[in-house]
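Here is what each chain is made of, one letter per residue.
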Amino acid sequence: MKRKAVTILTTGALALLALSGCGAGKGADTKLTVWTNMSVEADTIQKYTEEWGSANGYEVEVIHQSPSVQQFAQAVNSPEGPDAVIGIPNDQLADYVNAGLAAQVPDGLYEDGDFSEAAVQACYVEGARYAAPLSVETTALFYNTDMVSQVPETWEELVKQAVSGGGVSFDATSIYYDLGFVRACGGYIFKYENGAYDVADIGLANEGAVAAYEFINALCNEHNLLSADVTADIARSNFQNGQTAYFIGGPWDIDGFTSAGTSFGVAEMPTFNGQPFVTPVGTQVSFVSNKSDSQDKAWEMIMYLIDKGAMEMYESGDRIPAKLSDQANEAIQSNEYSKAFIAQINNGEPMPTVSEMGQLWGIHTNNIRSMWTGELTPQEAAENMVKQLEEAVALMNSGK
């Protein structure tokens, strides 16, 4: 297994090692090992974990690693295994929890109300907290400022404007981009109540969800705005080159459009069906191994990074902090792009933090394509989607 390792040996830790005569091995009480797959922000993570370690007499080793559950399960059983993981996408968290690898968040570690609601929701699995939220991201509406003088307040108005000139481009075969239409009509993926998802309760074929798919079908077959061959990359290219007036994208698209000289702005998503447009909020979360001998210290280090380093991570990697007080910082509020994304985050929710969510992606895409070709009606596509998802989930869980 190839990995890049950077050891942060703090002044406090050096003193302890000198006094005790210890070698470089990992002592149960004087060293923490952290895995992170965040690259642009790696220097900031190193800086603040070192700062925390220096104040607390710990050596902290930060290893750049894109972990899998299998790798993590093997590594935590070794003396040099990771005590914590910093900054994984929240949709991966449930896999670690289900494998019995993640420790629950200690009571009182942080207050849910201090963070974006969607970010907090992303940290819960089966009603219990297993992670702390670090940063958040979502999609919003990009518009070409040379083609659009005023962004419509509703999707219904946007479609009329796009048909008359300019167009709109996004990958509408993906539930990632279609979630807002479904949620605005009363549909949902898995029912969420009391901090937990009921994977047996699928809301992708109820009356509201079918109405959303009828709208999406019309975007292709009535308005000729979308087609099955428009991937996210093609949609991005169309907008960047001035071929479409509107595009659904995220903060990760800003640098590319800026470098290309595209004239653009970012706005909250228009409402749909009279309801706010719910976009998927991705949260970078951090968790502690339940095999660690220093769980309390590992949580303490994670919260130090969140409290002290979030703004620096924003400055280095455009990572919007999950903490509300950081979102109110002048450096963020003076950035019109960040303000738009934060406003949209407040209308967002995470994709279900359950392993079963992984079964939906291909099923959704294939059924939307079949709907667009006329093979299935919106009603049939929705019903087929749910049937296939139920079968896939049952097969997935049959071996448990």
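J.: Outline the confidence of the model for the chain, supporting the account with residue identities and numerical values.
T.: When pLDDT is averaged along the chain, the result is 91, and 92% of the positions lie at 70 or above. The model gives residues 1–28 a pLDDT under 50, and that stretch makes 51 contacts with residues more than four places away or in other chains.

J.: Which residues make up the nonpolar core, and what values do they have?
T.: In terms of nonpolar packing, the biggest core is built from 70 residues, with Phe72, Phe142, Phe287 and Ile302 touching the most fellow members. The leading source of residues in this core is helix α11 (residues 295–317), at ten residues. Not counting residues up to four positions away in its chain, the partners in contact with phenylalanine 72 are Trp35, Pro82, Val85, Tyr96, Leu101, Phe287 and Ser289. Listed in part, the 56 residues of the second largest apolar core include Leu179, Val182, Ile248 and Ala381.

J.: Hey, could you go over the side chain of glutamine 344 for me, with residue numbers and the actual values?
T.: Within the secondary structure layout, glutamine 344 lies in helix α14 (residues 336–345). Judged by its relative accessible area of 0%, glutamine 344 falls in the buried class. Residues contacting glutamine 344, with those up to four places away along its chain left out, are Thr138, Thr139, Glu268, Met269, Phe277 and Thr279.

J.: I'd like a rundown of the pattern of salt bridges, residues and numbers included.
T.: As enumerated under the stated definition, the model contains 13 salt bridges in all. One salt bridge connects glutamate 59 with lysine 31, and the closest N-O pair in it is separated by 3.8 Å. A residue pair is termed long-range when its members are at least 10 positions apart, and glutamate 59 in strand β3 (residues 59–64) and lysine 31 in strand β2 (residues 31–36) qualify at 28 residues. When sorted by exposure, glutamate 59 lands in the same class as lysine 31, which is buried. A salt bridge links aspartate 112 to arginine 129, with the shortest nitrogen-to-oxygen separation between them at 2.8 Å. In this pair, aspartate 112 is assigned in the loop between α4 (93–98) and α5 (117–121) and arginine 129 in strand β6 (residues 128–129), connecting sequence segments 17 residues apart. Take aspartate 112: its relative accessible area is 28%, and that puts it in the partly exposed class. For arginine 129, a relative accessible area of 13% translates into the label buried. Among the charged side chains, a salt-bridge network with shared partners connects Lys31, Glu59, Glu61 and Glu80.

Rules used in this analysis
- Residues numbered from 1 in each chain as written.
- Predicted model: local features only at pLDDT ≥ 70, side-chain atom pairs only at ≥ 80, totals over all residues.
- Heavy atoms only, no water.
- pLDDT = per-residue confidence, 0-100.
- Contact = heavy atoms within 4.5 Å.
- Core = buried A, V, L, I, M, F, W, Y, C linked by side-chain atoms within 4.5 Å.
- Buried < 20%, exposed > 50% of the residue type's maximum accessible area, 1.4 Å probe, protein only.
- Helix = DSSP H or I, 4+ residues; strand = E, 2+ residues; numbered from the N terminus.
- Salt bridge = Lys/Arg side-chain N within 4 Å of Asp/Glu carboxyl O.

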